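Coordinate inspection notes
This is what each chain is made of:
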Amino acid sequence: MTEKHWQLYTAATSVIAVLVSVYCLSEDITGIFVHLYYIPILIASYRYRERGLLLSLFLVMVYLLLVFFHFPDNTRALVEGAIRAFALIAVAAIIAVLSGRIQTHVEALQREIDGHKNTEAALRQSESRYMELSITDDLTGLYNQRHFYNLLQAEIERTERYGRPLSLLLLDIDDFK
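Residues numbered from 1 in each chain as written. Predicted model: local features only at pLDDT ≥ 70, side-chain atom pairs only at ≥ 80, totals over all residues. Heavy atoms only, no water.

Section: the side chain of Thr-136
Put simply, the rule is: The secondary structure listing takes helices from DSSP runs of H or I that are at least 4 residues long and strands from runs of E that are at least 2 residues long, numbered from the N terminus. Burial classes follow relative accessibility: with a 1.4 Å probe on protein chains only, a residue under 20% of its type's maximum area counts as buried, one over 50% as exposed, and anything between as partly exposed. Polar contact is the term for a pair of N or O atoms within 3.5 Å; when the atoms are in protein, one must be able to donate a hydrogen and the other to accept it, and sequence-neighboring residues count only if both atoms are side-chain atoms. Residue contacts follow a heavy-atom distance rule, with two residues in contact if any of their heavy atoms lie within 4.5 Å.
Note that Thr-136 resides in the loop between α4 (75-135) and α5 (145-162). Under the relative-accessibility criterion, Thr-136 is labelled buried at 12%. Only 2.8 Å separates the side chain of Thr-136 from the backbone oxygen of Glu-132, close enough to count as a polar contact. Those residues within four positions of Thr-136 in sequence are excluded, and the remaining contacts are Gly-141, Leu-142, Tyr-143 and Asn-144.

The structure is reproduced here in structure tokens:
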């Protein structure tokens, strides 16, 4: 998801939670709507960690203000609201901490993966170099006998596969080195 998507989801779920809260409180529904706050709090705390905690705190304060303005004389509703607010903040803090730990582990894994990729590239380069060394002469840099026999075998197989004739010319230069 892009950053714009995260921001949009966080903002949209926050607005929905507040609007549903206003409606529920106006209808004297006091318990269930608070669970809607978990959605923006989880999104914000997971994605933005410390800043997400601030947004979560802001949402909890909005929730508490709504409860206070709708039930200013109802001590039970205010206490229940405070307990729910504490639970929301606790969830936000836990998610922010866990998200930070996850991010730390993801970064460590990415570094390890990058290290393995670098090692693999070095191994491939080394293998390529050793393959080249195994078929060339150190002194002249020309192909050696091993390479000649490998190519000869491949050409014989091709000749048999396609039913075509094979010609072979071999020159041996004495005391070449």
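Still to come is the rest of the account.
Quick word on the nonpolar core
Taken as a class, soluble globular proteins show a tendency for nonpolar side chains to be buried jointly. Formally: Among buried residues, the Ala, Val, Leu, Ile, Met, Phe, Trp, Tyr and Cys ones that are joined through side-chain atoms within 4.5 Å form a nonpolar core.
Counting residues in each nonpolar core, the largest one holds 18 residues, and the members touching the most others are Phe-33, Tyr-37, Ile-41, Tyr-63 and Leu-88. Sorting the residues of this core by element identifies α1 (3-26), α3 (50-70) and α4 as the ones contributing at least two each. Top element by residues in this core is α3. It accounts for six residues. Other than its neighbours up to four places away in sequence, Tyr-63 contacts Phe-33, Val-34, Tyr-37, Gly-81, Arg-84 and Ala-85.

Description of unusual backbone geometry
Although it is not a glycine, Arg-49 adopts a positive phi angle of roughly 45°. Residue class for Arg-49 comes out partly exposed when judged on its relative accessible area of 23%.

Considerations on empty space enclosed by the protein
Convention followed: Two kinds of site are reported from a 1 Å grid over the protein atoms alone, namely cavities, where a 1.4 Å probe fits but cannot get out, and pockets, open sets with protein on both sides within 12 Å along at least five of seven lines, and residues are called lining when an atom falls within 4 Å of a point. Grid points are joined across faces, edges and corners, and a volume is the space filled by probe spheres set on the points. Polar here means any residue outside two lists: the nonpolar Ala, Val, Leu, Ile, Met, Phe, Trp, Tyr, Cys and Pro, and the charged Asp, Glu, Lys and Arg; Gly therefore counts as polar.
This model, assessed by the stated rule, comprises one cavity of 30 Å³ or more. The space that makes up the largest cavity amounts to roughly 50 Å³. Lining of the largest cavity is provided by Leu-25, Thr-30, Phe-33, Tyr-63, Val-67, Phe-71, Ala-77, Glu-80, Gly-81 and Arg-84. Secondary structure elements with two or more residues in the lining of the largest cavity: α3 and α4. Its residues placed into classes, the lining of the largest cavity shows six nonpolar, two polar and two charged.

Digging into α3
Spelled out, the test is: Given the number of residues in a helix, its expected span is that number minus one, multiplied by 1.5 Å. The directions from the helix axis to the C-beta atoms form the arc being described.
In this model α3 runs 30 Å from its N-terminal to its C-terminal C-alpha over 21 residues, within 8% of the 30 Å that 1.5 Å per residue would give. Listed in full, the buried residues belonging to α3 are Gly-52, Ser-56, Leu-59, Val-60, Val-62, Tyr-63, Leu-66 and Val-67. Each buried residue of α3 lies within a common arc of 155° when the element is viewed along its axis, so the set occupies one face. Opposite its buried face, α3 presents the exposed residues Glu-50, Arg-51, Leu-54, Phe-58 and Phe-69, each directed more than 90 degrees away.

Observations regarding α4
Look at α4: 89 Å from first C-alpha to last across 61 residues, which is about the 90 Å you get at 1.5 Å a residue. The complete set of buried residues in α4 reads Ala-77, Gly-81, Ala-85, Leu-88, Ala-92, Ala-96, Ser-99 and Ile-135. Residue Asn-74 occupies the N-cap position of α4, its side-chain oxygen lying 3.2 Å from the main-chain nitrogen of Arg-76.

Section: the side chain of Thr-13
Mapping Thr-13 onto the fold places it in helix α1. Of note is the side chain of Thr-13, whose polar atom sits 2.7 Å from the backbone oxygen of Tyr-9. Contact partners of Thr-13, with chain neighbours within four places excluded, come to Ile-39, Pro-40 and Ile-43.

Here we look at a nonpolar patch on the surface
What counts here: Candidate patch residues must exceed 30% relative accessible area and have no salt bridge, after which like charges are joined if within 9 Å and Val, Leu, Ile, Met, Phe, Trp or Tyr side chains if within 5 Å. Reported accessibility uses the Shrake-Rupley method at a 1.4 Å probe radius. Residues are deemed covered only where the shown protein chains occlude them. Criterion for a salt bridge: a side-chain nitrogen of Lys or Arg within 4 Å of a carboxyl oxygen of Asp or Glu.
A contiguous nonpolar surface patch, about 340 Å² in accessible area, is contributed by Met-1, Leu-8 and Tyr-9. Among the secondary structure elements, Met-1 is positioned in the segment before α1. Met-1 sits in the exposed class, given a relative accessible area of 61%.

Remarks on the packing of aromatic side chains
Definition in use: Each aromatic pair joins two rings of Phe, Tyr and Trp (for Trp, the six-membered one) with centres within 6.5 Å, and gets the label stacked for planes under 30 degrees apart, edge-to-face for over 60, and tilted for any other angle.
In the structure shown here, the tally under the stated rule is four aromatic pairs. Arranged with centres 5.5 Å apart and planes meeting at 65°, the rings of Tyr-37 and Tyr-63 form a pair that is edge-to-face. Taken as a pair, Tyr-37 in the loop between α1 and α2 (38-48) and Tyr-63 in helix α3 lie far apart in primary sequence, 26 residues in all. Both residues of the pair, Tyr-37 and Tyr-63, count as buried. Arranged with centres 5.2 Å apart and planes meeting at 70°, the rings of Phe-148 and Tyr-149 form a pair that is edge-to-face.

That's the geometry; what it means functionally is another story.
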